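Each chain, written out:
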Amino acid sequence: MALLLGIESDPVRAFLLLYLIITVLSIIVFKLGFAKKLPPLKAVVIYLFLIIGCLPLAFFGIGLPVAEGLMVAALILIIYKVRLHQSKKEKS
């Protein structure tokens, strides 16, 4: 993913884009797979730590397939949620 974003030609812009992509995908995976209904202040704290925690993932994402793995995880969770919704719809 880092090479697609042009990490070799413009490293600062590519790193910021990679960080943004990883952060958005992490929030999607968290929301689909792990999030529970929380009070607003607790949710803000959780997402703040998630945003801060994505910084090391972005550094790892330069050489490792972090963004790609998050894409696969998000896709699997989306498929799971759609199938779960269909299953609940059929039962009722």
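Here, the structure is the one placed above.
Summarised in this report is the structure supplied together with it. Worth saying up front: this structure is predicted, and the values here are computed from it rather than measured.

### Points about the overall build of the protein
- When you go through the protein residue by residue, the secondary structure sums to three helices and zero strands.
- Scanning the protein from its N terminus toward the C terminus, one meets helices and strands in the order α-α-α.
- Taking 2.2 N^0.38 as the reference for a compact globule, 92 residues should give roughly 12 Å; the C-alpha atoms of the protein span a radius of gyration of 16 Å, well beyond that estimate.
- Dimensions along the principal axes, computed over C-alpha positions, put the protein at roughly 55 × 30 × 15 Å.
- Within the structure as shown, the protein displays about 6800 Å² of accessible surface, and the carbon and sulfur contribution to it stands at 75%.
- If you average the places of the 10 positive and of the 4 negative side-chain charges in the protein, the two averages end up 23 Å apart.

### Let's talk about the nonpolar core
- Grouped together as the largest cluster of nonpolar side chains are 16 residues, with contacts concentrated most on Leu 18, Ile 22, Val 29 and Leu 70.
- Elements with a contribution of two residues or more to this core: helix H1 (11-33), helix H2 (40-61) and helix H3 (66-91).
- Here the element with the most residues in this core is H1; it accounts for six residues.
- Setting aside residues up to four positions removed in sequence, Leu 18 forms contacts with Met 1, Ala 2, Leu 5, Ala 58, Gly 61, Ile 62 and Ala 67.

### Describing H3
- The first and last C-alpha atoms of H3 sit 37 Å apart over 26 residues, in line with the 38 Å expected at 1.5 Å per residue.
- By the burial criterion, the buried members of H3 are Val 66, Ala 67, Leu 70, Ala 74 and Leu 77.
- Of the surrounding elements, those touching the buried residues of H3 are H1 and H2.

### Remarks on the pattern of salt bridges
- Throughout the structure, instances matching the rule amount to one salt bridge.
- Here Arg 13 and Asp 10 are joined by a salt bridge, their closest N and O atoms 3.4 Å apart.

### A closer look at the packing of H1 against H3
- With their axes 9 Å apart at the nearest point, H1 and H3 run at an angle of 30 degrees to one another. In terms of orientation, H1 and H3 fall into the roughly parallel class. Both H1 and H3 take part in a crossing whose hand is left-handed. Facing H1, whose interface residues are Leu 18, Ile 21, Ile 22, Leu 25, Ser 26, Ile 28, Val 29, Leu 32 and Gly 33, H3 presents Val 66, Ala 67, Leu 70, Met 71, Ala 73, Ala 74, Leu 77, Ile 78 and Lys 81.
- For the contact of H1 with H3, the per-class residue count stands at 15 nonpolar, two polar and one charged.

Procedures and definitions
- Residues numbered from 1 in each chain as written.
- Predicted model: local features only at pLDDT ≥ 70, side-chain atom pairs only at ≥ 80, totals over all residues.
- Heavy atoms only, no water.
- Helix = DSSP H or I, 4+ residues; strand = E, 2+ residues; numbered from the N terminus.
- Rg over C-alpha atoms; globule rule 2.2 N^0.38 Å.
- Areas by Shrake-Rupley, 256 points an atom, 1.4 Å probe, with all protein chains shown as cover.
- Lys, Arg positive; Asp, Glu negative; His and termini not counted.
- Charge placed at Lys NZ, Arg CZ, Asp CG, Glu CD.
- Core = buried A, V, L, I, M, F, W, Y, C linked by side-chain atoms within 4.5 Å.
- Buried < 20%, exposed > 50% of the residue type's maximum accessible area, 1.4 Å probe, protein only.
- Contact = heavy atoms within 4.5 Å.
- Expected span 1.5 Å × (residues − 1).
- Salt bridge = Lys/Arg side-chain N within 4 Å of Asp/Glu carboxyl O.
- Axes fitted to C-alpha atoms, helices over the stretch in contact; angles between N-to-C directions.
- Parallel < 35°, antiparallel > 145°, perpendicular 65-115°, else oblique.
- Left-handed = near helix turned anticlockwise from the far one by under 90°.
- Nonpolar A, V, L, I, M, F, W, Y, C, P; charged D, E, K, R; others polar.

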